[in-house]
Amino acid sequence: MGNWPLKTVAELAAQSKSALATGPFGSTIGSKTFRSVGIPVIRGGNLSANVANRLIDEGLVFIEPVLAEKFKRSIAVRGDLVFTCWGTTNQVGYVDKRALYDRYIVSNKQMKLTPNTKLIDALFLYYYFSSECGQKQIADQAIGSSVPGFNLGGLKQIKVPVPPRGVQDKVAFLLGALDDKIELNRRMNETLEAMARALFKDWFVDFGPTRAKMDGREPTLAPDLWDLFPDRFDAEGKPEGWDLSEIGREVEVVGGATPSTKDPAYWNGGVHHWVTPKDLSKLDIPVLLDTERKITDAGVGKISSGLLPPGTVLLSSRAPIGYLAIAEIPTAVNQGFIAMICKKRLPNVFVLFWCYENLDYIKGISGGSTFAEISKKAFRPIPVVVPSNKAMAAFEGIARPLYDRIVANTRESRTLAQTRDLLLPKLMSGEIRLRDAEKQVEAVA
């Protein structure tokens with residue numbers, strides 16, 4: 001840890017009675033007290049061991065402000081760190097400027113730390129606890145056997161390297177710059193995806209331009225786009241001249257398999273991507289750039305659909321139904337997918353948003369006794385309205401650049417995250433000089 005002095009967390013905590021505190025005891029706060037609005041409660045699901053997830057503001061529950069006031073010591077505000085006491089004890093959270101709320105209350109399985117900012121930079125401290133050395137310190141304080149525990153006494157004893165304040169601030173700034181850019185890309189991707197989905201829904205689900213023409217409304221699009229849409233519906237309720245087809249006629253629908261996991265010939269030294277629904281469950285945006293597992297040529301040979309081309313749309317078909325992504329890499333798939341190769345009339349961006357808009361229908365026709373599953377046989381006949389070639393080309397002309405920007409942002413964020421994960425342990429151990437780290441950050445940020 002270089003020559004940096006060590007201080008305990010107890011020494012680094014703010015000088016207030018509630019600087020180190022657990023959540024309310026027992027069932028004081030529980031399902032019976034949860035509300036849809038009020039003071040948000042931080043539970044295990046709102047924390048993560050992933051350094052990129054400082055606080056997960058999804059799936060929050062709330063309690064009434066009056067009740068929260070009774071447990072002021074358990075209130076976490078911006079600048080506070082939050083730890084999990086039981087279960088997944090390596091989870092660390094940080095309530096920062098990105099948090100949706102100014103204050104939270106921690107549950108009875110969490111504890112919070114308010115750092116003394118005169119001694120330690122809060123973000124530096126968060127990165128320390130997210131690093132390998134910080135995670136090891138947490139693990140070393142574990143108690144219990146069947147269910148791991150990490151209590152306030154253990155947290156207080158952890159020793160943290162405390163470099164000069166200027167070094168702390170610089171480390172936090174460098175790592176924070178990478179995370180800030182990743183967050184900016186994430187928000188930009190959400191906006192771009194929402195724009196493309198809204199366009200798809202207006203043109204090809206609600207048939208907005210056609211309805212506007214039928215109602216005699218003023219054009220809502222540029223003249224060259226406005227002219228592409230029919231001014232009436234046909235007997236089938238779709239814009240006149242557009243086709244009603246089946247998704248299985250417009251894309252090639254295939255499935256996958258899992259080669260025997262007991263045979264190392266299929267896995268050891270694998271170089272080909274092999275995707276499972278778990279890979280898609282981790283995505284913030286429907287773009288697949290990597291997979292957790294790789295398989296060999298022999299493994300690919302055991303899957304009838306083989307290695308699917310980049311641009312294939314992936315839909316998880318069971319446990320659960322509905323994870324979606326476009327694979328930007330050649331990949332094989334396991335048996336939990338309906339994979340759509342889009343080489344006919346429907347481009348993959350169109351198919352992706354068509355799947356989103358039809359998920360309820362897809363789930364509604366699923367079968368299965370143990371868990372819901374949509375088969376390829378049931379999926380292929382699902383109806384799809386195919387617009388005119390010119391309308392489709394216009395959609396591609398607008399949506400494709402949006403999607404390409406999403407892919408570029410996602411690739412950049414991946415590089416930024418790799419750089420952060422490489423620098424984090426080196427910066428925390430003093431292994432790399434700040435100037436060298438700064439150059440690496442400048443090269444990618």
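Residues numbered from 1 in each chain as written. Predicted model: local features only at pLDDT ≥ 70, side-chain atom pairs only at ≥ 80, totals over all residues. Heavy atoms only, no water.

Trainee: Outline the packing of aromatic side chains, supporting the account with residue identities and numerical values.
Mentor: Tallied over the entire structure, the rule returns 23 aromatic pairs. Taking 5.7 Å as the distance between ring centres and 25° as the angle between the ring planes, the aromatic pair formed by Tyr94 and Tyr126 counts as stacked. Residue Tyr94 is found in strand β7 (residues 92-94), and its partner Tyr126 is found in helix α3 (residues 122-130); the two are separated by 32 residues along the sequence. On the basis of relative accessible area, Tyr94 is assigned to the buried category, the value being 10%. Aromatic side chains Tyr126 and Tyr127 sit 5.8 Å apart centroid to centroid with 55° between the ring planes, which places their arrangement in the tilted category. Exposure class is identical for Tyr126 and Tyr127. Each is buried. Sitting above the plane of the Tyr356 ring, Arg197 keeps its charged end 4.1 Å from the centroid. Geometry around Trp267 places Arg293 over its ring, the cationic atom sitting 4.1 Å from the centre. (Phe/Tyr/Trp six-rings, centres within 6.5 Å; stacked < 30°, edge-to-face > 60°. Helix = DSSP H or I, 4+ residues; strand = E, 2+ residues; numbered from the N terminus. Buried < 20%, exposed > 50% of the residue type's maximum accessible area, 1.4 Å probe, protein only. Lys NZ or Arg CZ within 6 Å of the ring centre and 35° of its normal.)

Trainee: Describe the sheet that holds strand β2 (residues 20-22), naming the residues involved and giving the relevant values.
Mentor: Strands sit in the order β2-β9-β6-β7 across an open sheet of 4 strands; the sheet is antiparallel. Every other strand in the sheet has two partners, leaving β2 and β7 as the edge strands with one partner each. Strand-to-strand twist in this sheet, taken as the mean axis angle between neighbours without regard to direction, amounts to 20°. Bridge count between strand β6 (residues 81-84) and β7: 3 bridges; the pairing is antiparallel. (Pairing = 2+ DSSP bridges. Axes fitted to C-alpha atoms, helices over the stretch in contact; angles between N-to-C directions.)

Trainee: Please provide a residue-by-residue account of the state of the cysteines, values included.
Mentor: In the structure shown here, the tally under the stated rule is 0 disulfides. Take Cys342: it sits in no disulfide, and the sulfur closest to it among the cysteines is that of Cys355, at 8.3 Å. (Disulfide = S-S within 2.5 Å.)

Trainee: I'd like to hear about the pattern of salt bridges, residue by residue, with values.
Mentor: In this structure the tally under the stated criterion is 37 salt bridges. Between Arg217 and Asp215 there is a salt bridge, with its nearest N and O atoms 3.0 Å apart. On the basis of relative accessibility, which here comes to 56%, the residue Asp215 falls in the exposed class. One salt bridge connects Asp290 with Arg414, and the closest N-O pair in it is separated by 2.8 Å. (Salt bridge = Lys/Arg side-chain N within 4 Å of Asp/Glu carboxyl O.)

Trainee: Give me the lowdown on a nonpolar patch on the surface, citing residues and values where you can.
Mentor: A cluster of nonpolar side chains, namely Trp86, Ile143 and Val147, defines an oily patch on the protein surface of about 260 Å² accessible area. Positionally, Ile143 belongs in the loop between α4 (132-140) and α5 (152-157). On the basis of relative accessible area, Ile143 is assigned to the partly exposed category, the value being 34%. (Patch = residues over 30% accessible without salt bridge, like charges linked within 9 Å, V, L, I, M, F, W, Y side chains within 5 Å. Areas by Shrake-Rupley, 256 points an atom, 1.4 Å probe, with all protein chains shown as cover.)

Trainee: Can you lay out the pairing of strand β19 (residues 337-341) for me, pointing to particular residues and giving the numbers?
Mentor: Taking burial as the measure, the 5 residues of β19 include 5 buried ones, the bulk of the element. Alternating residues of β19 divide into Phe337, Ala339 and Ile341 and Ile338 and Met340, and every residue in both groups is buried. Across 3 bridges, strand β12 (residues 252-254) lies against β19 in antiparallel orientation. For Val254, the partnering residue across the bridge sits in β19 and is Ala339. Looking at chain direction, strand β16 (residues 313-317) and β19 are connected through 4 bridges and run antiparallel.

Trainee: Would you mind going over the environment of Ala172 in detail, with residue names and values included?
Mentor: Relative to the assigned elements, Ala172 resides in helix α6 (residues 165-205). The exposure class of Ala172 is buried, given its relative accessible area of 5%. Taking the C-alpha atoms as reference points, Ala172 and Pro239, separated by 67 residues in sequence, lie 56 Å from one another. Excluding its chain neighbours within four sequence positions, the residues that come into contact with Ala172 are Asp121, Leu123, Phe124 and Tyr127. (Contact = heavy atoms within 4.5 Å.)

Trainee: Explain the pairing of strand β3 (residues 39-42) residue by residue, including any values.
Mentor: Of the two faces of β3, the one lined by Ile39 and Val41 and the one lined by Pro40 and Ile42 are each fully buried. Here β3 runs beside strand β4 (residues 61-63); their pairing, made up of 3 bridges, is antiparallel. By the bridge assignment, Val41 is partnered in β4 with Val61. Inspection of the sheet shows β3 paired to strand β8 (residues 103-106) by 2 bridges, in the parallel sense. Bridging across to β8, Val41 finds its partner in Ile105.

Trainee: So, the side chain of Thr33: which residues are in play, and what are the values?
Mentor: As for its placement among the helices and strands, Thr33 is situated in the loop between β2 and β3. On the basis of relative accessibility, which here comes to 13%, the residue Thr33 falls in the buried class.

Trainee: Talk me through the packing of helix α12 (residues 348-357) against helix α15 (residues 389-429); I want residue IDs and the actual numbers.
Mentor: Interhelical geometry of α12 versus α15 gives an angle of 85° and a closest axis separation of 9 Å. The angle between the axes of α12 and α15 places the two elements in the roughly perpendicular class. Contact residues: α12 offers Asn348, Val349, Phe350 and Phe353, while α15 offers Met392, Phe395, Glu396, Ala399, Arg400 and Tyr403. Across the contact of α12 with α15, the residue classes break down as 7 nonpolar, 1 polar and 2 charged. (Parallel < 35°, antiparallel > 145°, perpendicular 65-115°, else oblique. Nonpolar A, V, L, I, M, F, W, Y, C, P; charged D, E, K, R; others polar.)

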